[in-house]
Amino acid sequence: MTWVLLRGLMREQRHWGNFTQQFAQAHPHERIITLDFVGNGALYLQASATSIGAMVEQAREQVQQQQQQQQQQQQQTEGKIKLLAISLGGMVAVAWAERYPQELQRMVLINTSLAPYNPFYQRLRPANYPAIIATMLTGTQRQREELILRLTSHQSDAPQAEQLLNDWVHYAQQFPIRRRNILRQLFAAMRYRAPAQAPQVPLLMLAGAKDVLVSPQCSATLAHRWQVELRIHPDAGHDLPLDDPAWVIQQTLT
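Looking at an unreviewed UniProt entry, one finds the chain named Alpha/beta hydrolase, with Undibacterium aquatile as its source organism.

Structure (structure tokens):
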């Protein structure tokens, strides 16, 4: 069995940090695959897709390539895929389930918001607009990463925050995401419309009650409309795997 972990806007697989290792330890008999959406991480030189559907196809291709490599090494890969996805990755997961439900066994979506069910002012809180626009257009890499950390996590005041921020700046310097790719990913997210029916795949939704970037009401609305379970962390923000990795992992085990 394979778990595929999907990150969000402007993030790459290294932003999972130690979570990937902890997740693998909790799922010792399952393969863990992390991906970079095209335009992010090691794929930063390529043009990002401008539709969520195209992101699905690119992600599936990466998964298939990794599975084929594993098979060539005589390590068996069988069964359906499980998706753990956060934010923009959640949109890709929902579109994946719409297109290829037979490939998926389960989905766990973290702080996901989807049109047309969630209004724009809940999907990105208006109070953040000025800082996001100014920093993304004119800010340095460090200022951008500082803003992302402040908006997505409650770790910005933690003792390890400086090291975490330094790591993120290093990622940004090594694989600098292009502004046009940021815009292409935003465009893909803005134009995506979720299906009218709930995904035909077992689904669990997770949300951070203190998410200052995306309102947790988005997850609540989706869970109610789709009649799926929602579990809310009382103290975590948008980047739940960063704020409380043990809690997130525990939810995938039950």
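In terms of regular secondary structure, the chain is built from 11 helices and six strands. On C-alpha atoms alone, the chain measures out to a radius of gyration of 17 Å, which is about the 18 Å that the 2.2 N^0.38 rule sets for 254 residues. Considering only C-alpha atoms, the chain reaches an extent of 45 × 40 × 35 Å along its principal axes. Per-residue burial for the chain yields a buried fraction of 54% across its 254 residues. Relative to all contacts within the chain whose residues are 6 or more apart in sequence, the contacts with residues 24 or more apart total 74%.

Summed over all chains, the structure comprises one cavity of 30 Å³ or more. One number sums up the size of the largest cavity: a volume of about 100 Å³. Looking at the largest cavity, it is lined by 13 residues, and the ones nearest its centre are Met10, Glu12, His15, Phe175 and Ile177. Among the residues forming the lining of the largest cavity, the class breakdown is six nonpolar, three polar and four charged.

It is worth spelling out helix H5 (residues 129-138) at this point. Those residues of H5 that fall on the buried side of the exposure criterion are Ile132, Thr135 and Met136. All buried residues of H5 lie within an arc of 95 degrees about the axis, which places them on one face of the element. Exposed positions of H5 whose direction lies more than 90 degrees from the buried face are Pro130, Ile133, Leu137 and Thr138. Residues of H5 that are buried sit in contact with helix H6 (141-152) and helix H8 (179-191).

The subject of this paragraph is the packing of H6 against helix H7 (residues 161-174). Contact geometry of H6 with H7 gives a least axis separation of 9 Å together with a crossing angle of 130 degrees. On the basis of the axis angle, H6 is oblique to H7. Note that H6 runs across H7; the crossing there is right-handed. Residues Gln141, Arg142, Arg144, Glu145, Glu146, Ile148, Leu149 and Thr152 of H6 lie in contact with H7, whose contacting residues are Ala161, Glu162, Leu164, Leu165, Asn166, Trp168, Val169, Ala172 and Gln173. Grouping the amino acids of the contact of H6 with H7 by side-chain chemistry returns eight nonpolar, four polar and five charged.

Before going further, it helps to examine the layout of surface pockets. As a volume, the largest pocket reaches approximately 1200 Å³. For the largest pocket, the lining is made up of 40 residues, of which Leu9, Leu124, Ile132, Leu186 and Leu213 are closest to its centre. For the lining of the largest pocket, the element with the most residues is H8, which contributes seven residues. In the lining of the largest pocket, the residues fall into 26 nonpolar, nine polar and five charged. In this structure, the second largest pocket spans a volume of roughly 280 Å³.

So, about the pairing of strand S6 (residues 229-233). Summarising the sheet, strand S5 (residues 203-208) and S6 pair through five bridges and their orientation is parallel. Bridge assignment links Leu206 to a residue of S6, and that residue is Arg231. As for the winding sense of the linkage, the β-α-β connection from S5 through helix H9 (residues 217-226) to S6 is right-handed.

With that settled, consider the sheet that holds strand S4 (residues 104-110). Ordered by their spatial adjacency, six strands build an open sheet running S2-S1-S3-S4-S5-S6, and the pairing between neighbours is parallel. Of all strands in the sheet, those with a lone pairing partner are strand S2 (31-34) and S6, marking the two edges. Taken pair by pair, the neighbouring strands of this sheet meet at an average axis angle of 20 degrees, ignoring direction. Strands in contact with H9 are S5 and S6; relative to S5, the strand with the most contacts, it is inclined by about 160 degrees.

Below, the discussion takes up the environment of Gln197. Secondary-structure assignment places Gln197 in the loop between H8 and S5. Note: C-alpha distance between Gln197 and Glu98 (99 residues apart in sequence) is 9.2 Å.

Residues Leu183, Leu186 and Met190 make up a contiguous nonpolar surface patch of about 310 Å² in total accessible area. Overall, the relative accessible area of 59% leaves Met190 in the exposed class.

Parameters and conventions
- Residues numbered from 1 in each chain as written.
- Predicted model: local features only at pLDDT ≥ 70, side-chain atom pairs only at ≥ 80, totals over all residues.
- Heavy atoms only, no water.
- Helix = DSSP H or I, 4+ residues; strand = E, 2+ residues; numbered from the N terminus.
- Rg over C-alpha atoms; globule rule 2.2 N^0.38 Å.
- Buried < 20%, exposed > 50% of the residue type's maximum accessible area, 1.4 Å probe, protein only.
- Contact = heavy atoms within 4.5 Å.
- 1 Å grid on protein atoms, 1.4 Å probe; cavity = no way out; pocket = protein on both sides within 12 Å on 5 of 7 lines; lining within 4 Å.
- Points joined across faces, edges and corners; volume = space filled by probe spheres on them.
- Nonpolar A, V, L, I, M, F, W, Y, C, P; charged D, E, K, R; others polar.
- Arc of directions from axis to C-beta.
- Axes fitted to C-alpha atoms, helices over the stretch in contact; angles between N-to-C directions.
- Parallel < 35°, antiparallel > 145°, perpendicular 65-115°, else oblique.
- Left-handed = near helix turned anticlockwise from the far one by under 90°.
- Pairing = 2+ DSSP bridges.
- Right-handed = clockwise from strand over helix to strand, strands pointing away.
- Patch = residues over 30% accessible without salt bridge, like charges linked within 9 Å, V, L, I, M, F, W, Y side chains within 5 Å.
- Areas by Shrake-Rupley, 256 points an atom, 1.4 Å probe, with all protein chains shown as cover.
- Salt bridge = Lys/Arg side-chain N within 4 Å of Asp/Glu carboxyl O.

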